[in-house]
Amino acid sequence: QVQLVESGGGLVQPGGSLRLSCAASGSIFSINHMGWYRQAPGKQRELVAVIPSGSSTTYANSVKGRFLISRDNAKNTAYLQMNSLKPEDTAVYYCNAMVVEHSGRYLEVWGQGTLVTVSS
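Reading the values: rules and limits
- Every residue gets a number counted from 1 within its own chain, in the order that chain's sequence is written.
- Totals for whole chains, interfaces and linings use every residue, but because this is a predicted model, local features are given only for residues with pLDDT of at least 70 and side-chain atom pairs only at 80 or more, for both listing and counting.
- The basis for every side-chain value is the complete set of heavy atoms in the structure, and neither hydrogens nor water enter the calculation.
- Here, the term nonpolar core denotes a set of buried Ala, Val, Leu, Ile, Met, Phe, Trp, Tyr and Cys residues that are joined through side-chain atoms within 4.5 Å.
- Per-residue accessibility, obtained with a 1.4 Å probe over protein chains only, is compared with the maximum for each type, and a residue is labelled buried under 20%, exposed over 50%, and partly exposed between these values.
- Elements are defined by DSSP. Helices are runs of H or I of four residues or more, strands are runs of E of two residues or more, and each kind is numbered from the N terminus.
- Note on definitions: a residue-residue contact is assigned when non-hydrogen atoms from the two residues lie within 4.5 Å.
- Salt bridges are counted wherever a side-chain nitrogen of Lys or Arg sits within 4 Å of a carboxyl oxygen of Asp or Glu.

Draft legend 1. Representation of the nonpolar core within the structure. Core analysis: the largest hydrophobic core is formed by 33 residues, its most contacted members being Met34, Trp36, Val48, Phe67, Leu80, Met82 and Tyr93. Elements with a contribution of two residues or more to this core: strand E3 (18-25), strand E4 (28-39), strand E5 (46-51), strand E7 (67-72), strand E8 (77-82), strand E9 (91-101), strand E10 (106-110) and strand E11 (114-118). A per-element tally of this core places E9 first, with 5 residues. Among all residues touching Phe67, those that are not within four sequence positions of it are Arg38, Val48, Tyr59, Leu80, Gln81, Met82, Asn83, Leu85, Asp89 and Tyr93.

Draft legend 2. The pattern of salt bridges, seen in detail. One pass over the structure, following the stated rule, counts 4 salt bridges. Of the charged contacts in the structure, one is a salt bridge between Glu46 and Arg38, with a shortest N-O distance of 2.7 Å. For Arg38, a relative accessible area of 7% corresponds to the buried category. Asp89 is paired through a salt bridge with Arg38; the nearest N and O atoms lie 2.9 Å apart. Here Arg38 lies in strand E4 and Asp89 lies in the loop between E8 and E9, a separation of 51 residues in the sequence. Each member of the pair, Asp89 as well as Arg38, is classed as buried.

Purely geometric numbers; function is a separate question.
Given below as structure tokens:
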């Protein structure tokens with residue numbers, strides 16, 4: 001079984017920074033893309049950023065220039081560096097990954113979510 005565990009959320013003032021981590025564990029042969037999504041109260045879950053196994057990345061327009069996604073393939077871990085945070089960034093942030101298990105099975109896996117609150 002494959003699990004994603006997020007960490008790094010918390011309360012931060014507007015203009016501040018946070019770094020989220022997402023560690024994958026289990027019977028992992030490889031990981032295709034890894035991404036971050038978020039869901040604010042009363043809103044649908046939305047894509048924040050995604051990074052495939054290569055180096056190209058995709059960001060939501062609302063976070064371009066402020067957030068940076070990266071990954072450490074050796075550690076099966078993805079990161080989301082969030083700078084210049086705004087109150088509208090307040091949400092539960094979820095990690096997502098497309099994983100290939102040693103059995104050859106493809107899995108889409110979600111983390112449990114970590115809360116980010118931007119408030120003074």
